[in-house]
Every structure is written in structure tokens, then in C-alpha cells.
2 protein chains.
Amino acid sequence: LAGALPIEFDRIARHFAPLAGTGAFGLTDDAACLIPPPGEDLVITADAVVAGVHFLVDDPPEMVARKLLRVNLSDLAAKGARPLGYLLTVSVPANTPEAWFVAFAQGLAQDQSLFGMSLLGGDTTSTPGPVSLSATVIGCVRHGGMVRRAGARPGDGIFVSGSIGDGALGLLAAQGRLADPTGFLTGRYRLPQPRIGLVDADDVRAAMDVSDGLVQDLGHLCRAGAVSAAVEAELVPCSEAARALGADWLATRLTGGDDYEVLLAVAPEAEATVRQRADLAGVALTRIGSFGSAGPGPAVVVRHSGVPMAFGAGGWSHF
Amino acid sequence: LAGALPIEFDRIARHFAPLAGTGAFGLTDDAACLIPPPGEDLVITADAVVAGVHFLVDDPPEMVARKLLRVNLSDLAAKGARPLGYLLTVSVPANTPEAWFVAFAQGLAQDQSLFGMSLLGGDTTSTPGPVSLSATVIGCVRHGGMVRRAGARPGDGIFVSGSIGDGALGLLAAQGRLADPTGFLTGRYRLPQPRIGLVDADDVRAAMDVSDGLVQDLGHLCRAGAVSAAVEAELVPCSEAARALGADWLATRLTGGDDYEVLLAVAPEAEATVRQRADLAGVALTRIGSFGSAGPGPAVVVRHSGVPMAFGAGGWSHF
């Protein structure tokens, strides 16, 4: 006598159930059962994205799915965790075509396989508004091994993974506001590269992912650790595509968001070990400055040609 | 040199950080660290709700917050889990007043204290659409002790907690479509009662929460366990307020959603133990029928005065 199954059940069965892993019971139960690896702590983070705010309405659904997972995976990477699984909520307009779900699920499938995790559960609903998505990603780390934002000490080196500024430039390129002949920058905006495997509490004192701009995020690391930071602008790693745009974009690179690289505090004696692990993980790692004692001045000072830069709405100037 | 903190940081610090528990680091890190209770499995569920779809735009924000937590807690309750923590994503229009956040956080505070859990993390964003919220709730259960939808056997009793049908009637009342002089039904729609502590794998063979209507959800339990179900309509527990509306509302009560009660399969020899635990938890528990062997007929048969009911758009009729 049970009525016909609503469209949500059908969508879940068709598109999301194939992504379900151990403990998710094919998404047919009320909840997932996750057996934590013995002796490990869980590292958990959640993000929401909304069409027209965090991604462009015309962005390919598979890229939206992958970016949603990756912005969370980037947080796990910065904490030294490895991914286990994720939950997803998907709110879409009633007229969302089946093809959207097909592409969205393909993106999830690709990245969950790439990063070694599976779908644990979630919810699909309709909305009269724009597509609104959330993901909760769960990872694990040996007990006590989550790397915090707090922990940098004066004398530690400031390191960043990959290159800085491509995400912000890529957004401008995607909006048609600057040239990106190779599509590299747009690609960097659309598809962050979570640096899983780079961070380990054995030799990294503090870390965070760079998502709101290098200068601002370095400020968070300084406040959390009660230290200051001195950065050499010339040392901040820059992609070829960003370099080709010229020096005018320096401030954008240093303050723009969407990098999803990792910012690390590493003691001098641990530097070799961390560099070795980065090499093994195939991740570029660059020392851009050093932490110092907290003082009355600004927490973060970026020097260009040895002179402190001041960032403002119009770019930057020397102090 | 870091720029001013955006409004999101301020909102998080003001309204959400006070709700953060152990391992959430005051919501100032990239992720939360959850140390699973040794030897326990985690039980995890997520739900999304959208203004105008899942709650009324004018619903008090504190009630929206509490219902969001409770629909997830109801899933944990049905699985025999106890709550540990939750993550939240909050997407709101740019002009959302500060008072909305104050009330929303008050609702969270009230229920996280009532149910013994804390905020682990999340995200706040703006949206050009309606308020869109999601919660991921994490609970725990002794290893292997999550109660599944599958597991009912022929001869097991069908039990439900509380009373059935108030949620669906309460929605109609909230929409002004039926009288609710005491406000009881509206209250039942707005504020589900998660039955934490009712279910234990030691003596409950299968369980699920009733959220899509008793008849449909019982169908899920039957399919999961490859059994059938025979229910006596007269036995289905009914609140005084629902009873006062008269027999015309029987089909609505049996098929309407938003009950957030628990449906259980209990072997005859375990019945006394389960009833005892329900008494201790202060939860009414009613036997409404029994499971049988799966056959060629419908999985779920509800009898009224001994005659099978057929549910349709116009209510119900005898077969």
C-alpha cells in the first residue's frame, strides 16, 4: 500500500547510491555507520556553495562537484589528515535536468576515487532559489596528530605549497576580465589541488589552507600562534601564466582568494624532512619568509625589494 | 597588513563560536578534531532545509534551528546512537538581520544542551535565494550496535513511539487549513521529539524514523528486511488533539509526514525489555501490528475494523 517513491528516492538510487561506500548501506538507511580507524582522531570540515556566489551558474556540474569536495579536502590536507568519506546536501530547482545530476555525480565519482574516499550520506531537496550545495568531509589522523593553526614559533620558516595567486586571477579570467590564453588560470580557479600528504605533525608546527588570500590567512596563522611574519614578495611562488600577466598583478596574487594551497610553519631543523616529503608527494614547496616574535607592529609584513608593502584597494604601495 | 575581517568571521565569532565544543577550537581552525569514544562506531546523518520548502519563511529562527537538529537526531535515535556533535552550513540573504542569527543560535544552544552535543564546525555564506541550511549530526554507538532498517523477522511486533499523524496535521494547522485550538499539533510539526535512548541493538531487530508517513516508511522497513507488515489502524497511537479532529483524518495520520517517531521491529521475547526501556525514557511505545513473511501481495496491509484499507488521493477506502 506504500505510495509511489518520490523523485528524490529515484535520484538518490540512480546517481548517488553508486558512490556510497562501506557503512553507507547504499544510502537506503537513516544514517551511515563509520568505524573509525583504531587509535585515530577524526578531522571534520564542512563548506557550503551557492550558484552565483561561489561558482558561476554555467560552470560544468562535474567541476562544481569536484571543487566542493576539494575545498574541504584542502582543509584536511592542511591539518595532516587523510580522507575517509563525505556527506552531501544538494538543493536544486525543480526543473533541474537529469543531465545535471549525471554530470555532478561523475565529478564526485572521479574525485572520490582520486582521493580515496566514498559517499556516506546526505540529502537532496528542491529549492525555489539557486543550486545550493554543502559537503561535510571526514578524514583521520593518528591520535594527537592534527596540525593546528596555532604552533608557529619565532625562527620557523614560512612555506607555501604550489603557486600563489592563480585562483584569484583565474576567477577574473573566467569572468572575462583578463586574458588567459592557455586556460591555466581558469583551471586553477575551477579545480583546486588539495595537497594531501604534505603535512605531518612530526615536523610541521602549524598549518592552514590558503583560501582567503595569502596575506590575510598568514595573519590568522600569526594570531593563532602569537607570532609575526615577514615575507619576501619576490619569493612567493608564481605560476608561468601569472608571471606572464606582469608585475601589476602582484597585489592580486598576494591578497586574492581561492588558492587552496597550504601555508606551513617549519622549524629550521625540520626543513629537510618536510622538503623530502613534498618531493615524494610531487608538490612544490617554497620558503617565502620567516616567523618572528609578536610585537607592537603589524603581524604580517611583506617586503618588496626590501621595502614593506602596504595593500589597499588600488593595489599596493611601499609604506 | 591583513585586511579587515569579513562579516562572516564576525558572525561566526559572535553567534556560533560560543556553541563550539571540545575539538572545535572556537571555530578558529580549518577543521574540527573529533576523538571517537574508544571501541565505538560513529553514526552520521545529514539533512538540508530551505525556507519556503521545509519551513515557513515566518517560522521563528530558533524553532528552525531546533527542528534542523532534531530531524537529524531522530535518525540517530532510530539507529540506537547517542549524539556527539554537529556541523552546520548556513546560507542567508545579505540583508538577514542580526536578530535572525541571535534567535537561530539561541535555538541551537537550547537543543545542543538538551541533547548533549556541541557544534564542531561549518560554514556561513550569503545567498541570493531563500535561507538554506544543512546539518550533519554525528553520534556514536558501541561497535556493531547500529540498528539497521533491515532485520525484522516474521512474527516480530511492529512498534511505534509517541503518537502518529500530529506532524502532518500540524503543518495543515500552521497553514491555517485546520483548527488547532490548543496549538498542540502546530507544536508537534515545529518541534519533533527525537526518541534518543529508546532503541538498542540488544533487543530491537530493526528500526527507522518515521518522517515520510507511517505507511510509506513501514514499506521501507519491509523491503529492507524482506518481510511484510500487517497493521491495525485502531492501534496506531493518536494524540488527543488529533482524535478531536475526527475519523476523517485517519488517512492523513497514517500517510502524512513529519512524525519523527521511531518504528521498531521487536521479537516477542524482547518486548518486555523494550517496553521497560521506553518507560524509563518516558516515551510511549505502542504495538500496532506484526511482521509476516514476504509474499506476492502488498508489503504493508493496514486493516480497519478487520478490513484492508486502500489509500488514495481522496483519503482511503476499504479494498
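Throughout what follows, the structure given in this document is the object of discussion. These figures come from a predicted structure and were not determined experimentally.

Description of unusual backbone geometry
Glycine aside, residues mostly have negative phi angles, and peptide bonds mostly take the trans form.
Next up, step 1: Although it is not a glycine, Leu27 of chain A adopts a positive phi angle of roughly 60°.
Next up, step 2: The residue Leu27 of chain A is located in the loop between α1 (7–16) and β1 (32–34) in this model.
Next up, step 3: The phi dihedral of Tyr260 of chain B is positive, around 50°, even though this residue is not glycine.
Next up, step 4: Tyr260 of chain B gets classed as buried once you look at its relative accessible area, which sits at 11%.

Observations concerning the sheet that holds strand β2 (residues 40–50) of chain B
Next up, step 1: One open sheet accounts for 5 strands, arranged β1(A)-β2(B)-β5(B)-β3(B)-β4(B); its pairing is mixed. Lying at the two open borders of the sheet, with one neighbouring strand each, are β1 of chain A together with β4 (118–126) of chain B. Each adjacent strand pair in this sheet contributes to an overall mean axis angle of 20°, direction not counted.
Next up, step 2: Pairing analysis gives 3 bridges linking β1 of chain A to β2 of chain B, with the strands arranged antiparallel. Bridging from a neighbouring strand, Leu34 of chain A pairs with Leu42 of chain B of β2 of chain B.
Next up, step 3: Its contacts with the sheet put helix α1 (residues 7–16) of chain B on β3 (82–92) and β4 of chain B, and the angle it makes with β4 of chain B is roughly 145°.
Next up, step 4: Helix-sheet contacts for helix α3 (residues 98–115) of chain B involve β3, β4 and β5 (132–142) of chain B, and the interaxial angle to β3 of chain B is about 170°.

Let's talk about the interface of chain B and chain A
Next up, step 1: In this complex, chain B contributes 66 residues to the contact, which on the side of chain A involves 66 residues.
Next up, step 2: Between chain B and chain A the total buried area reaches about 5,100 Å² when both faces are included, carbon and sulfur atoms providing 61% of it.
Next up, step 3: Connecting chain B to chain A are 8 salt bridges.
Next up, step 4: Ionic pairing is found between Asp30 of chain B and Lys79 of chain A, a salt bridge with its closest N-O pair at 3.0 Å.

Some words on the packing of helix α2 (residues 61–78) of chain B against α3 of chain B
Residue and element names in this part refer to chain B.
Next up, step 1: Contact pair α2 / α3: the axes reach a minimum separation of 6 Å and the direction vectors enclose 35°. Read as a crossing pair, α2 and α3 show a hand that is right-handed. Touching Pro61, Glu62, Ala65, Arg66, Leu69, Arg70 and Leu73 of α2 are Trp100, Ala103, Phe104, Gly107, Leu108, Gln110, Asp111, Gln112, Leu114 and Phe115, all from α3.
Next up, step 2: A per-class count over the contact of α2 with α3 returns 10 nonpolar, 3 polar and 4 charged.

Notes on the packing of aromatic side chains
Aromatic ring pairs are described here by two measures, namely the spacing of the ring centres and the angle between the planes.
All names here are of chain A.
Next up, step 1: If you walk through the whole model with that rule in mind, you get 8 aromatic pairs over all chains.
Next up, step 2: Centre to centre, the rings of Phe16 and Phe104 are 6.4 Å apart; their planes meet at 75°, and the pair counts as edge-to-face. Here Phe16 is found in helix α1, whereas its partner Phe104 is found in helix α3 (residues 98–115), with 88 residues between them in sequence. The pair formed by Phe16 and Phe104 is uniform in burial state, with each residue classed as buried.

Details of the state of the cysteines
Disulfides are covalent bonds that connect the sulfur atoms of two cysteines.
Next up, step 1: In this structure the tally under the stated criterion is 0 disulfides over all chains.
Next up, step 2: Free cysteine: Cys33 of chain A, not disulfide-bonded; nearest cysteine sulfur from Cys140 of chain B at 11 Å.
Next up, step 3: With a relative accessible area of 13%, Cys33 of chain A lands in the buried category.

Here's the deal with the relation of the copies chain B and chain A
Next up, step 1: Note on the copies: chain B fits chain A at an RMSD of 0.0 Å, the axial shift is 0.0 Å, and the rotation between them is 180°. Taken together, the rotation angle and the small translation identify this as a two-fold axis. Taking C-alpha positions as reference, the residue of chain B nearest the rotation axis is Gly129 of chain B, located at 2.2 Å.
Next up, step 2: Most of the interface of chain B is mirrored in chain A: 100% of its interface residues are interface residues there too.

Cut-offs applied
Residues numbered from 1 in each chain as written. Chains lettered and ligands numbered in written order. Predicted model: local features only at pLDDT ≥ 70, side-chain atom pairs only at ≥ 80, totals over all residues. Heavy atoms only, no water. Helix = DSSP H or I, 4+ residues; strand = E, 2+ residues; numbered from the N terminus. Buried < 20%, exposed > 50% of the residue type's maximum accessible area, 1.4 Å probe, protein only. Pairing = 2+ DSSP bridges. Axes fitted to C-alpha atoms, helices over the stretch in contact; angles between N-to-C directions. Contact = heavy atoms within 4.5 Å. Buried area = accessible area lost by both parts, 1.4 Å probe. Salt bridge = Lys/Arg side-chain N within 4 Å of Asp/Glu carboxyl O. Left-handed = near helix turned anticlockwise from the far one by under 90°. Nonpolar A, V, L, I, M, F, W, Y, C, P; charged D, E, K, R; others polar. Phe/Tyr/Trp six-rings, centres within 6.5 Å; stacked < 30°, edge-to-face > 60°. Disulfide = S-S within 2.5 Å. Least-squares fit on C-alpha atoms with pLDDT ≥ 70 in both.

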